Amino acid sequence: MAASCVAASELLNNIKQISALRPKASYAVRAVSTTSPQCHAQLPQRARSAPQQLVGVVGLEIHAQINSSTKLFSGAPVRFSAPPNSLVSFFDASLPGTLPVLNKRCVEAAVMTGLALNCAVNRKSLFDRKHYFYADLPAGYQITQQRLPIAVDGVLTYSLLGGKKRNQVMRQNVTIKQIQLEQDSGKSLHDDVRSQTLIDLNRAGVGLMELVMEPDMSCGEEAAAAVRELQLILQALGTCQGNMSGMEITLCLSPSLVLPSCHTSKPKLNSLRVHLFTSFCSEGQLRVDANVSVHRPGEPLGVRTEVKNINSIRYLARAIDYEIQRQIDVLQRGGTVQNETRAYDSKSGETLPMRDKEGLQDYRFMPEPNLPPLILYEDDASLPTGIDACQVVVVQKIKEGLPELPSVKRDRLVQTYGILPEHSFTLVNEDGLVDYFEAVLKATKKEPRKVIGWVTNELLGHLKQQDMSVCQSPISPSALAELLELQETGHISSSVAKQVFQEMWRSPGKTALQITQEQDLGLVSDTAQLHIICQKVVDSHPDEVHAIRSGNKKVLNKLMGLVQKETKGRADPVLVRAILQKKTS
């Protein structure tokens, strides 16, 4: 017994000595000033009526799943909607003795993203362990880059449509503090029927880029515009699919059997219990956390809250605006804003408390002992002798392969084709619509300003109604160009062109010319026939004729509409106007 007490005493003394050698946690507070203008969206009246108005301060943390065929540190495949726990390597399950092997594709994706966001790409970066204990994190820690990330100090330029008519492009910047590589966790699937949680490790170890944006935004509209611009950039680069909505549904079938009786020789299925487990879509996902606080301009920033896992741009804007207003209300009532993590409930439109906010000390960051420093090379000339260029990441090669970014593409569309800025936003925001628009222009002589209306109104309107993508359109660019050529050359009127478009949508195999000929929709240019129809309209509307002769020339448009109604939209509008002007003069 005495020996045990002596041993325990020595162990306690050793622990005290180790604790004394360990440096105390230190905290660095950095003042961040924002110069962002007030949000263009109207804030609630309560916020504006307060003296020395409190304003919102918003920063974002975005986790983007890297578009790679395998995981960050293992060779396990990345595939959407695979059966639970079917894409798990020994390393993903954290079996003893397994070691991480870094995926080159994920490194290249992070470097490409950093270059596109004007970041400084570190030629040397380090990996760390971030400790926390969840059931879907088998190792008890996440491998990330806390100390020295792969890219730092970038700028994201995003645009808002402002002004009274929402047609003025307003450009704003948000600072990218850092981009770091890290592994994703698994998923917890909650079964409320059985009061249990199931773990799916298919997502465990999938490569992520965490992008940290400084608090340079002031409201939900600005944050939503920044995330949308980032989404377009990632999609243009091909580094992340940028999906922010959708649910994955997993079915769990629980059959129960009836034992054989004297009348049956085989067991039979008595019932089939179906449990639904839902979790956020895991294919190319973009998950956004918003850090929100309020303060009076010129004063230190307020206590911030973190709103977690917002899965759509629309909900992001609503969650941030609600949280800003909630904090303003708390302070105006004399309360204190708590430093906590909150969740957004899309049904109620409110943020709800989840837990106290963790600090850096809670995660016990430490260097990852199983991964050496990540070294990047500027160009081929900087490669050490004997190193195969295919086995390393060369920054210059990635820089040379960068595609046209969304902001550059919008400016090019406006300058090249003379379209309005808002139309360039519409084209770029829809995947494949720019290519469609330019393909139509190449096959028709119609002016770009006229083509843009057909693409953004007629085509895109039908696609939205049918919930279809541009690549699924039943009307090809060449088919639409043929229709526009018929209108441009005077073979059909504008109203008939829309009628033919509808028929082309319903019958993809038919061309515009075939439909026009089959339904006899060609333009009526027979002067004698149009004189008869115009005379009939003039004779039956004496009041309108009197108004025209009294100086109200706008009434002539009504008579032209009546003539078009008589001809089912086939009358040549130029001839009709000339005939009606002569008959009403």
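Worth saying up front: this structure is predicted, and the values here are computed from it rather than measured.

**Observations concerning the overall build of the chain**
The helix and strand inventory of the chain stands at 18 helices and 18 strands. Here the chain holds 585 residues, and the buried ones make up 44% of them. Taking as baseline every contact in the chain between residues at least 6 positions apart, the subset at least 24 positions apart corresponds to 68%. Accessible surface computed for the chain: about 31100 Å², of which carbon and sulfur atoms make up 53%.

**Quick notes on the side chain of D128**
In this fold, D128 is placed in strand β4 (residues 128-131). By relative accessible area, D128 is classed as buried at 0%. At 2.8 Å, the side chain of D128 and the backbone nitrogen of Q146 are in polar contact. Here the side chain of D128 touches R147 through a polar contact of 2.3 Å, side chain to side chain. Ignoring sequence-local partners within four residues, the contact set of D128 consists of Q142, I143, T144, Q145, Q146, R147, F365, M366, P367 and E368.

**Quick look at the nonpolar core**
The tendency in soluble globular proteins is for nonpolar side chains to be buried side by side. L60 and V111 are the most contacted members of the largest nonpolar core, which totals 67 residues. Ignoring anything within four residues of it in the chain, the contact list for V111 reads V121, I150, L376, V393, V395 and I398. Among the nonpolar cores identified, the runner-up in size contains 36 residues, and L413, V455, L483 and M504 belong to it.

**Comments concerning the packing of helix α9 (residues 421-429) against helix α11 (residues 448-466)**
The geometry of a pair of packed helices is captured by two quantities: the angle between their axes and the separation between those axes. Contact geometry for α9 and α11: axes closest at 11 Å, N-to-C directions at 50°. Relative to α11, the element α9 is oriented oblique. By crossing handedness, the relation of α9 to α11 is classed as left-handed. Taken together, the residues of α11 that come into contact with α9 (itself represented by H423, T426 and L427) are I452, V455, T456 and L460. Split into classes, the residues belonging to the contact of α9 with α11 amount to 4 nonpolar, 3 polar and no charged.

**Quick notes on the sheet that holds strand β15 (residues 340-345)**
Taken in spatial order, the 9 strands of this open sheet run β2-β6-β7-β10-β1-β13-β14-β15-β16, and their pairing is mixed. The open sheet has two edge strands, β2 (120-121) and β16 (350-356), and neither has a second partner. Sheet topology places strand β13 (residues 286-295) next to strand β14 (residues 305-310); 4 bridges connect them, and they run antiparallel. Within β14, the residue paired with A290 across the bridge is V307. Packed on one face of the sheet, helix α4 (residues 220-237) meets β1 (55-65), β6 (151-162), β7 (168-183), β10 (207-217) and β13 and runs near 115° to β6.

**Comments concerning the packing of aromatic side chains**
Applying the stated criterion to the full structure yields 9 aromatic pairs. A centroid spacing of 5.5 Å and a plane angle of 90° characterise the contact between Y417 and F437, whose relative ring orientation is edge-to-face. One end of the pair, Y417, is in helix α8 (residues 406-417); the other, F437, is in helix α10 (residues 433-442), with 20 residues separating them in the sequence. Members of the aromatic cluster, each reached through a chain of ring pairs, are Y132, Y134, Y363 and F365.

**Description of helix α17 (residues 556-566)**
Every buried residue of α17 is accounted for by L556, L559, M560, V563 and Q564. Within α17, the buried residues cover an arc of 145° as seen down the axis, which keeps them to one side. The secondary structure elements touched by the buried residues of α17 are α15 (527-539), α16 (542-549) and α18 (573-583). Positive backbone phi, at 60°, marks K568, one or two positions downstream of α17.

**Overview of the layout of surface pockets**
Of the pockets and cavities examined, the second largest pocket occupies roughly 750 Å³. The wall of the second largest pocket is formed by 25 residues, among which R228, L232, Q235, N429 and D431 lie closest to the centre. When contributions to the lining of the second largest pocket are tallied by element, the ones reaching two or more residues are α4, α5 (313-332), α8, α9 and α10. The dominant element in the lining of the second largest pocket, judged by the number of residues it contributes, is α4, at 5 residues. In terms of residue class, the lining of the second largest pocket is built from 9 nonpolar, 9 polar and 7 charged.

**Quick word on the pairing of β4**
Of the two faces of β4, the one carrying D128 and K130 and the one carrying R129 and H131 are both buried. Sheet topology places β4 next to strand β17 (residues 366-367); 2 bridges connect them, and they run antiparallel. For D128, the partnering residue across the bridge sits in β17 and is P367.

**A few points about the sheet that holds β4**
Spatially, 3 strands are ordered β5-β4-β17 in an open sheet, and the strand pairing comes out antiparallel. The sheet terminates laterally at β5 (141-144) and β17, the two strands that pair on one side only. As paired elements, β4 and β5 share 4 bridges and run antiparallel to each other. Across the sheet, the residue bridging to K130 is Q142, located in β5.

**Considerations on the packing of α11 against helix α12 (residues 477-488)**
At a closest axis distance of 12 Å, the pairing of α11 and α12 adopts a crossing angle of 130°. It follows that α11 is oblique to α12 by the angle criterion. Handedness of the crossing formed by α11 with α12: right-handed. Within the contact between the two elements, α11 uses V451, W454 and V455 and α12 uses L480, L483, L484 and Q487.

**Let's talk about unusual backbone geometry**
Positive phi values are uncommon outside glycine, yet N85 reaches one of about 60°. Within the secondary structure layout, N85 lies in the loop between β1 and α3 (104-116). For D520, which is not a glycine, the phi torsion comes out positive at approximately 50°. Tracing the sequence through the fold places D520 in the loop between α14 (512-518) and α15.

**As for the environment of R412**
Within the fold, R412 resides in helix α8. Taking the relative accessible area as the measure of exposure, R412 reaches 25% and is therefore partly exposed. Excluding anything up to four places from it in sequence, R412 contacts E404, Y417, V434 and E438.

**What to know about α8**
Between its first and last C-alpha, α8 extends 16 Å over 12 residues, near the 16 Å set by a 1.5 Å rise per residue. Three or more residues of α8 are buried, namely P406, R410 and L413. Down the axis of α8, the smallest arc covering the buried residues is 60°, so these residues share one side. Packing partners of the buried residues in α8 comprise β6, α4, α9 and α10.

Rules used throughout
- Residue indices follow the written sequence of each chain, beginning from 1 at its first position.
- In view of the model being predicted, local features appear only for residues whose pLDDT reaches at least 70, and side-chain atom pairs are presented and counted only at 80 or more, with totals across whole chains, interfaces and linings using the full set of residues.
- Hydrogens and water molecules were not included; the side-chain quantities draw on all heavy atoms of the structure.
- The helix and strand labels rest on DSSP assignments: H or I over at least four residues marks a helix, E over at least two residues marks a strand, and numbering proceeds from the N terminus.
- When accessible area is computed with a 1.4 Å probe and restricted to protein chains, residues below 20% of their type maximum are described as buried, those above 50% as exposed, and intermediate ones as partly exposed.
- A contact between two residues is defined here by any heavy atoms of the two lying within 4.5 Å.
- Each accessible area value is a Shrake-Rupley result obtained with a 1.4 Å probe; residue values ignore everything except the protein chains displayed when judging cover.
- Polar contacts, as used here, are pairs of N or O atoms within 3.5 Å; protein pairs need one atom able to donate a hydrogen and one able to accept it. Residues neighboring in sequence count only if both atoms are side-chain atoms.
- Nonpolar cores are built from buried Ala, Val, Leu, Ile, Met, Phe, Trp, Tyr and Cys residues. Side-chain atoms within 4.5 Å join them into one set.
- Inter-axis angles, ranging from 0 to 180 degrees, are taken between N-to-C directions of lines fitted to C-alpha atoms, where helices are fitted over the stretch in contact.
- Geometric relationships in this document are graded by angle, where less than 35 degrees denotes roughly parallel, more than 145 denotes roughly antiparallel, 65 to 115 denotes roughly perpendicular, and other angles denote oblique.
- In this scheme, a crossing is called left-handed if the near helix is turned counterclockwise away from the far one by less than a right angle; it is called right-handed if the turn is clockwise.
- Amino acids are sorted into nonpolar (Ala, Val, Leu, Ile, Met, Phe, Trp, Tyr, Cys and Pro), charged (Asp, Glu, Lys and Arg) and polar (every other residue, Gly among them).
- Pairing between strands is defined by DSSP: at least two bridges between the two strands are required.
- Two rings belonging to Phe, Tyr or Trp (six-membered ring only in the last case) form a pair when the distance between their centres is within 6.5 Å. Interplanar angles under 30 degrees mark stacking, angles over 60 mark edge-to-face geometry, and anything in between is tilted.
- To be clear, the arc concerns the directions from the helix axis to the C-beta atoms.
- Buriedness of a pocket was judged along seven lines, with at least five required to meet protein on both sides within 12 Å; pockets are open sets of points on a 1 Å grid over the protein atoms alone, cavities are sets where a 1.4 Å probe fits but cannot get out, and lining residues have an atom within 4 Å of a point.
- Grid points are joined across faces, edges and corners, and a volume is the space filled by probe spheres set on the points.
- Expected span, for any helix, means 1.5 Å times one less than how many residues it has.

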